[in-house]
Amino acid sequence: MHLLFATSIVPDGALASGYEIANAATIDALRRAGVRVTVIGFIWPGKTPSDPQNTIVLDAVEVRTESASPLQKLVWLGKAVSSGLTFSSVKLRVVSEAQTRAAIDRAGPFDGYILNSVQFAGAFEKVLADRPFVFVAHNVEHRSAEENATAAGSALQRWMFRREARLLKVMEERLCGAARFVFTLAEEDRAALGVASDTRSAVLPLVTRAQAPIKATRHIDCDAALIGTWTWQPNRIGLDWFLTKVVPHLKPDFRIRIAGSIPSSISSPHPGVSFVGRVPDAQAFVRGAAVIPLISTAGSGVQLKTIEAFELGLPSVATSRSLRGIGYRPDNCVVTDDPIAFAAALQAAAANIRDVDGSAFHRRQLKALDAAIGHGLEKLGAVRQEVAA
């Protein structure tokens, strides 16, 4: 079976975000199942695809809203309103539908698509309607947009997110209805997307690496470490909660390092909080912390940082929202949504560091991931056989 994996950003090997980690895990699982996978989509400027022989790059794009100029944001908004597309999809309309179709034709004969999230699918929905497809829903995007609207700081942002939520809800319903099968990254997302039946969907239990990490001695250089794309609104909401609700209850000498892209408006008066920007090795960064705070309070889908912490066997304190999509919790993870209890658990974990072996968790995830992929491919394969007949 030959499938086109249609995605907004093609893999470049960096694995710099949860989205990229999830894509790599899914593509690897498809290939383990014997599928020939050709990836098609866009690439970050200055990057090259990690698997050029099996990748079709439509163009280089910079679609991060936080780094765009005010003029660029207005251009995107104008195009979104005039075209009826979502803000996230219109950013990808830098090539025409005809150019996209020509690029797809260059892939040669293939059996169907894996439509990876709504951004690319929404930008080129008509072009992608000629083959059966499986839809991978990384999140319930319309619900995330609704939460973003509630947390927005201006009337314009609230209007934009509400418009996005309205359009995304219709698009997700259309994609899920037309898909031969739907993969979600969290169990609760199946019902939220209206595909809770096992004949219609399955959860992909993800891993962040191909091989299970080996438990090793760690050098601790801070009490807690967080890393993420904090300019992404659901992550920003969780970080705001952590800094305003949890951190004030920590002792002044409790050392917290926060890595990743930080909006200029974020700060903390706590003397132990340090914003360190980008780090060269994300795994080394988190392994240098006594405990990992898992602070999601918004969004859907799965938290890849939770999976990584569990794979590495690191002590953690998590909100209940951080565990969505994960059926197993190690005994060195404390769960609480109360900010005072969260702070107390962080201090207790940092004072008595207790790592566990995360390899069993990794093996369990990998086995379940391969089983889910196999189930979805059976559904798509049955459709292919009916068409051929």
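Above this text you will find the structure in question.
The following refers to the structure shown. Computed from a prediction, not measured in an experiment: that's the story for all the values here.

1. A word on the nonpolar core
Right, so step 1: Ranked by size, the top nonpolar core spans 49 residues in total, and within it Leu-30, Phe-183, Leu-204, Leu-206, Phe-310, Leu-369 and Ile-373 carry the most contacts.
Right, so step 2: Looking at this core element by element, the count peaks at 7 residues for helix α13 (residues 359–388).
Right, so step 3: Contact partners of Phe-183, with chain neighbours within four places excluded, come to Val-134, Phe-135, Val-136, Ala-137, Ala-202, Leu-204, Ala-372, Ile-373 and Gly-376.
Right, so step 4: Leu-92, Val-118, Phe-124 and Val-127 belong to the second largest nonpolar core, which has 39 residues in total.

2. A look at the side chain of Arg-209
Right, so step 1: Counting through the fold element by element, Arg-209 comes out in the loop between β7 (201–203) and β8 (222–227).
Right, so step 2: A distance of 3.0 Å separates polar atoms of two side chains, one belonging to Arg-209 and the other to Thr-208.
Right, so step 3: Among the polar contacts listed, one links the side chain of Arg-209 to the side chain of Glu-311, at a separation of 3.1 Å.
Right, so step 4: What Arg-209 contacts, discounting residues up to four positions off in sequence, is Gln-283, Glu-308, Glu-311, Leu-312 and His-362.

3. Re the sheet that holds strand β9 (residues 256–259)
Either a parallel or an antiparallel arrangement is found when strands of a sheet pair, and the pairing is made through backbone hydrogen bonds.
Right, so step 1: Strand order in the open sheet made by the 6 strands is β10-β9-β8-β11-β12-β13, with parallel pairing throughout. With one partner strand each, in any of the chains shown, β10 (273–277) and β13 (333–335) form the two edges of the open sheet. Here the average twist between neighbouring strands, direction ignored, is 25°.
Right, so step 2: Here β9 runs beside β10; their pairing, made up of 4 bridges, is parallel. Its bridge partner being in β10, Ala-259 is matched across the sheet by Gly-277.
Right, so step 3: Where helix α9 (residues 233–246) meets the sheet, its contacts fall on β8, β9, β10 and β11 (289–294), and the angle it forms with β9 comes to roughly 160°.

4. Concerning the pattern of salt bridges
Right, so step 1: Under the counting rule described, the total for this entry stands at 19 salt bridges.
Right, so step 2: Between Arg-101 and Asp-130 there is a salt bridge; the shortest N-O distance is 3.1 Å. With Arg-101 in helix α4 (residues 97–105) and Asp-130 in the loop between α5 (118–123) and β5 (133–137), this pair connects stretches of sequence that are 29 residues apart.
Right, so step 3: For Asp-221, the salt bridge is made with Arg-257, and the minimal N-O distance between the two is 3.7 Å. In this pair, Asp-221 sits in the loop between β7 and β8 while Arg-257 sits in strand β9, placing the two residues 36 residues apart along the sequence.
Right, so step 4: The class for Asp-221 is partly exposed, based on a relative accessible area of 29%.
Right, so step 5: It is possible to trace a salt-bridge network through shared partners that takes in Arg-101, Asp-105, Asp-130 and Arg-131.

Rules used throughout
Residues numbered from 1 in each chain as written. Predicted model: local features only at pLDDT ≥ 70, side-chain atom pairs only at ≥ 80, totals over all residues. Heavy atoms only, no water. Core = buried A, V, L, I, M, F, W, Y, C linked by side-chain atoms within 4.5 Å. Buried < 20%, exposed > 50% of the residue type's maximum accessible area, 1.4 Å probe, protein only. Helix = DSSP H or I, 4+ residues; strand = E, 2+ residues; numbered from the N terminus. Contact = heavy atoms within 4.5 Å. Polar contact = N/O pair within 3.5 Å; in protein donor to acceptor, adjacent residues only side chain to side chain. Pairing = 2+ DSSP bridges. Axes fitted to C-alpha atoms, helices over the stretch in contact; angles between N-to-C directions. Salt bridge = Lys/Arg side-chain N within 4 Å of Asp/Glu carboxyl O.

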